[in-house]
Amino acid sequence: MSFYITTPIYYVNDLPHIGHAYTTIACDIFSRFHKLKGEETFFLTGTDEHGQKVEKASLAQNKDTQIFVDEMSKNFRDLIPYLGCEIDDFIRTTENRHKSAAQDLWNKLKDNNQIYLSNYEGWYSIRDEAFYLESELTKTENGFVAPSGAPTEWVKEESYFFKLSEWEDKLIKFYEINKEAVLPKSRYNEVVSFIKGGLKDLSISRTTFKWGINVPQEDNHVMYVWIDALCNYISALNYPDTKNDSFKKFWPGVHIVGKDILRFHAVYWPAFLMAADIEPPKKIFAHGWWTNEGQKISKSLGNVINPYEIIDQYGLDQIRFFLFREVPFGNDGDFSKDAIAQRVNADLSNNYGNLIQRIASFIIKNANSQVAKPEKLEASDDRLLKSFDETFENYLNHMNNFQIDRALKNIFEYLSEVNAYVDNQAPWSLKKTDIKRMQNVLYVLTLITIKCSILLHPVIPNSINKILNIYNLSLKDLNLKKIKDFNPKIIKLNQPKPIFPRIEL
Ligand code: ME8
């Protein structure tokens, strides 16, 4: 089995913020989860460097555009390890490998009679890099505004068009058969009704500026930035060589995107691909939008959240955990300091961290730093172990369905059960009355803690590596395939250090 996951490639007109970090961490979580299941995974991210928006940003800084994008792309690349993400490739649309792949895709569409030359006249938003129908816009004092709030301008120029209208029925059919190709369900419905509303041919080249990939055999046209950008997902797999190992292994892939760019991914991209005789993506998941203490995040409001700052303030895994436990993946979320503190303290510090700390320290002090597999279990132990097996099944289902919040909720509900078991069994009392039973309880607790930690690894990998260290284990010893049969004779422990200190507001 193989698994290919991608983030959108981010525009380099500005610095990365919490929204970009969110999508990248989501992909990291899924990539790690599938790797932990034993699959071969490929996690791609990168930067979108062409188009008017980026060119304008470079001109505003009086910089040569290539030098500007080199600098800006580096900001996105450098952020990745800081987010605790492990990627397999980083693609830039100004790289030759990408430019030639995009031109090959163009040629293929042309050979398949999918492109024609005409004139575009209509509304365009540079901020969204999108064409709009007048019916989609709102008239304000400052002109026509896009649904995103972005200003638009009237453009009139010679343009190549892609015959998108010819793909209406085929797309509807594709989505009828592949009902989970777009998730969540509400987004799927949105996409299908948009297509059913009728598709117009799409302008795919521009003549009024030069910062883009040249249309093959054309001096005056550069490609529309979205056909260029979407192609990144296959240029990174060495398109047009569709017979090479990575293309064969990894295409079609899973695209995680924000809801703002769903239409490009779920309508234009599958149409381009089918028109070029390539399979459409396996899945497109559109997640929600983050606000800051209830307000839209924007430069003009001065409330952009810098990922470096919040990670330094709260801790990397604390932020990763908060972002994906707090808000159902797919819904909008609000970033608030109170909410981070409450979530981290309740789940990571109290429920999970204290359990590890308490039990491991107790074992070190009272059981010679080790636990041994019991000969006989009691009904309460069996119940707890059986309940883990159910938790594990639910976890797999939720994670396979991109429901990270539910997968986490399920683990933390189970950890509450484990804490209740500790209170009921009271190993500190057993120490005085029944040492054998105390040792058995400690083994069950250690085993369960280790198993839960493996499930949490995709979301909080650094902390889990430290926790596994307490038990002299690493991911080499244990993964999601081995977890059911994990039952070692002896587990030796090292002194734990506090992993999740409480956040004081
Ligand atoms: O759209 N909340 O790039 P982009 C959640 N280059 N996610 C957010 C967010 C927020 N407030 N702000 C940004 C582009 N994002 C194109 C993509 S792909 C072929 C080309 C995330 O820099 C979210 O994933 O504007 C959103 O879709 C993406 O950043 C937009 O990044």
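Note that the structure is predicted; figures quoted are calculated from it, not measured. (Residues numbered from 1 in each chain as written. Predicted model: local features only at pLDDT ≥ 70, side-chain atom pairs only at ≥ 80, totals over all residues. Heavy atoms only, no water.)

Peer 1: Hey, could you run me through the site of the ligand in this one?
Peer 2: Near the ligand lie 22 residues; those nearest to it are I9, T23, D48, D260 and W290. Between an oxygen atom of the ligand and a main-chain N or O atom of G258, the distance comes to 3.0 Å. Relative to its unbound accessible surface of 680 Å², the ligand loses 94% to contact with the protein. Breaking the shell around the ligand down by element, the ones donating at least two residues are β2 (10–11), α1 (18–36), α7 (225–230) and α8 (232–235). Grouping the constituent residues of the shell around the ligand by class yields 11 nonpolar, 9 polar and 2 charged. (Near = heavy atom within 4 Å. Polar contact = N/O pair within 3.5 Å; in protein donor to acceptor, adjacent residues only side chain to side chain. Areas by Shrake-Rupley, 256 points an atom, 1.4 Å probe, with all protein chains shown as cover. Helix = DSSP H or I, 4+ residues; strand = E, 2+ residues; numbered from the N terminus. Nonpolar A, V, L, I, M, F, W, Y, C, P; charged D, E, K, R; others polar.)

Peer 1: What exactly am I supposed to notice about the environment of T140 here?
Peer 2: As for its position among the elements, T140 is in strand β7 (residues 138–140). In the structure, T140 is positioned 128 residues away from Y268 in sequence and 29 Å away in space, judged by C-alpha atoms. In this structure the side chain of T140 is engaged in a polar contact, spanning 3.1 Å, whose partner is the backbone nitrogen of N142.

Peer 1: Can you help me understand the packing of aromatic side chains in this one?
Peer 2: For any two aromatic rings, the description comes down to two numbers: the centre-to-centre distance and the angle of the planes. Counted under the stated rule, the structure contains 39 aromatic pairs. Ring centres 5.8 Å apart and planes at 70° place the aromatic pair F388 and Y414 in the edge-to-face group. With F388 in helix α14 (residues 379–400) and Y414 in helix α15 (residues 404–425), this residue pair connects regions lying 26 residues apart in the sequence. Classification of F388 by relative accessible area gives buried; the value is 2%. Here the aromatic cluster, defined as three or more aromatic residues joined through ring pairs, consists of Y22, F30, F285, W290, F322, F324, F329, F335 and F402. Above the ring of W167, the side-chain terminus of K170 is found at 4.4 Å from the ring centroid. Across the ring face of Y124, the terminal group of R206 is positioned such that the distance to the ring centre comes to 4.3 Å. (Phe/Tyr/Trp six-rings, centres within 6.5 Å; stacked < 30°, edge-to-face > 60°. Buried < 20%, exposed > 50% of the residue type's maximum accessible area, 1.4 Å probe, protein only. Lys NZ or Arg CZ within 6 Å of the ring centre and 35° of its normal.)

Peer 1: Would you mind showing me how to read the pairing of strand β9 (residues 153–162) here?
Peer 2: Within a regular beta strand, the side chains point alternately toward one face of the sheet and then the other, so they alternate between its two faces. As judged from the 10 bridges shared by strand β5 (residues 115–125) and β9, these two strands associate in the antiparallel manner. Its bridge partner lying in β9, W123 is registered against W154. In this sheet, strand β11 (residues 202–203) lies alongside β9 in antiparallel orientation, the contact comprising 2 bridges. Paired with F161 across the bridge in β11 is S203. (Pairing = 2+ DSSP bridges.)

Peer 1: It is not clear to me how the sheet that holds β5 should be interpreted in this structure. Could you clarify?
Peer 2: Strands belonging to one sheet form pairs held by backbone hydrogen bonds; the direction of such a pair is parallel or antiparallel. Pairing is antiparallel in the open sheet, where 4 strands are placed in the order β6-β5-β9-β11. With one partner strand each, in any of the chains shown, β6 (130–132) and β11 form the two edges of the open sheet. The pairing of β5 with β6 spans 3 bridges and is classified as antiparallel. Of the residues in β6, the one forming a bridge with S125 is A130. Sheet strands in contact with helix α10 (residues 262–275) are β6, β9 and β11, and its direction is about 30° off that of β9. (Contact = heavy atoms within 4.5 Å. Axes fitted to C-alpha atoms, helices over the stretch in contact; angles between N-to-C directions.)

Peer 1: How should I be thinking about the packing of α1 against helix α12 (residues 316–326) in this particular structure?
Peer 2: One can describe the packing of α1 onto α12 by two numbers: an axis separation of 11 Å at closest approach and a directional angle of 85°. As judged from the angle between their axes, α1 and α12 are roughly perpendicular. Taking contact as the criterion, the partners of I18, Y22, I25, A26, D28, I29 and R32 in α1 are, on α12, R320, L323 and F324. Of the residues contributing to the contact of α1 with α12, the split by class is 7 nonpolar, no polar and 3 charged. (Parallel < 35°, antiparallel > 145°, perpendicular 65-115°, else oblique.)

Peer 1: Help me out: how do you make sense of the sheet that holds strand β17 (residues 295–296) in this one?
Peer 2: Taken in spatial order, the 3 strands of this open sheet run β17-β16-β18, and their pairing is mixed. Of all strands in the sheet, those bounded by a partner on one side alone are β17 and β18 (333–335). Bridge analysis of strand β16 (residues 290–292) against β17 gives 2 bridges, and the strand direction is antiparallel. Paired with N292 across the two strands is Q295, which belongs to β17. Docked against the sheet, α12 engages β16 and β18, running at close to 150° with respect to β18.

On their own, these measurements won't tell you what the molecule is for.
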